[in-house]
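Coordinate inspection notes
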Amino acid sequence: MEALRETTGGQFHPHTYLLDGTKLVAYIKANEATPFYFKNPIKGFDKRGRKFAPGNNSLFTEKKESNARTVIGSSGQTYTVTAESCSCPGYTYRGTCKHMAEHV
Ligand SMILES: [Zn+2]
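For clarity, every value in this text was computed on a predicted model and none was experimentally measured. (Residues numbered from 1 in each chain as written. Predicted model: local features only at pLDDT ≥ 70, side-chain atom pairs only at ≥ 80, totals over all residues. Heavy atoms only, no water.)

Observations regarding the coordination of the zinc ion
- Summarising the metal site, the zinc ion is bound by the protein donors Cys 86 (SG), Cys 88 (SG), Cys 97 (SG) and His 99 (ND1), whose distances to it range over 2.0 to 2.3 Å.
- Donor residues binding the zinc ion come from one chain and are separated in sequence as C-x1-C-x8-C-x1-H. Of this pair, Cys 86 sits in the loop between strand E7 (78-81) and helix H1 (89-94) while Cys 97 sits in the loop between H1 and helix H2 (98-102), placing them 11 residues apart in sequence.
- By relative accessible area, Cys 86 is classed as buried at 6%.
- For Cys 97, a relative accessible area of 9% gives the class buried. (Donors = N, O, S within 2.8 Å, 3.2 Å for Na, K, Ca; no water. Helix = DSSP H or I, 4+ residues; strand = E, 2+ residues; numbered from the N terminus. Buried < 20%, exposed > 50% of the residue type's maximum accessible area, 1.4 Å probe, protein only.)

Concerning unusual backbone geometry
- With a phi close to 75°, Asn 31 is a non-glycine residue in the positive phi region.
- Relative to the helices and strands, Asn 31 resides in the loop between strand E3 (23-28) and strand E4 (36-42).
- For Asn 31, a relative accessible area of 83% translates into the label exposed.

Considerations on the confidence of the model for the protein chain
- With 93% of its residues at a pLDDT of at least 70, the protein chain reaches an overall mean of 87.
- Model confidence for the protein chain, summarised as mean pLDDT per element, is weakest for H2 at 82 and strongest for strand E5 (residues 52-54) at 96. (pLDDT = per-residue confidence, 0-100.)

So, the packing of aromatic side chains
- According to the stated counting rule, one finds seven aromatic pairs in the structure shown.
- A ring pair is formed by Tyr 17 and Phe 52, whose centres lie 6.3 Å apart and whose planes are at 75°; its orientation type is edge-to-face. In this pair, Tyr 17 sits in strand E2 (residues 16-20) while Phe 52 sits in strand E5, placing the two residues 35 residues apart along the sequence.
- Linked through ring pairs, Tyr 17, Tyr 27, Phe 36, Phe 38, Phe 45 and Phe 52 together constitute an aromatic cluster. (Phe/Tyr/Trp six-rings, centres within 6.5 Å; stacked < 30°, edge-to-face > 60°.)

Focus: the side chain of Glu 6
- Secondary-structure assignment places Glu 6 in strand E1 (residues 2-6).
- Assessed through its relative accessible area of 1%, Glu 6 is described here as buried.
- In this structure the side chain of Glu 6 is engaged in a polar contact, spanning 2.7 Å, whose partner is the side chain of Thr 8.
- Here the side chain of Glu 6 touches Arg 50 through a polar contact of 2.6 Å, side chain to side chain.
- The residues contacting Glu 6, other than those within four sequence positions of it, are Phe 12, His 13, Pro 14, His 15, Tyr 17, Arg 50, Lys 51 and Phe 52. (Polar contact = N/O pair within 3.5 Å; in protein donor to acceptor, adjacent residues only side chain to side chain. Contact = heavy atoms within 4.5 Å.)

If you want it as structure tokens, here you go:
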């Protein structure tokens, strides 16, 4: 995957595009921060006559489980907490626990 920022100017807005080869996978509108992902990548993205600068690939990182957090339990064990689950026995037993309440 390659992120490219359009620098052509004129009628071409300076959007940032995410390309997989010649397929357009997603883009971020100029002045916006949220990528728009196409359901089906658009084939044959045409770069002819246009100018691009390297874009910031990290803008396109999809939401992932990296919001997982490690907490230390009252007896010193470590648990992994995400917005959806916790690895502690309390969560396993009750489906909720104090760690999740603390997880923001
Ligand atoms: Zn827990």
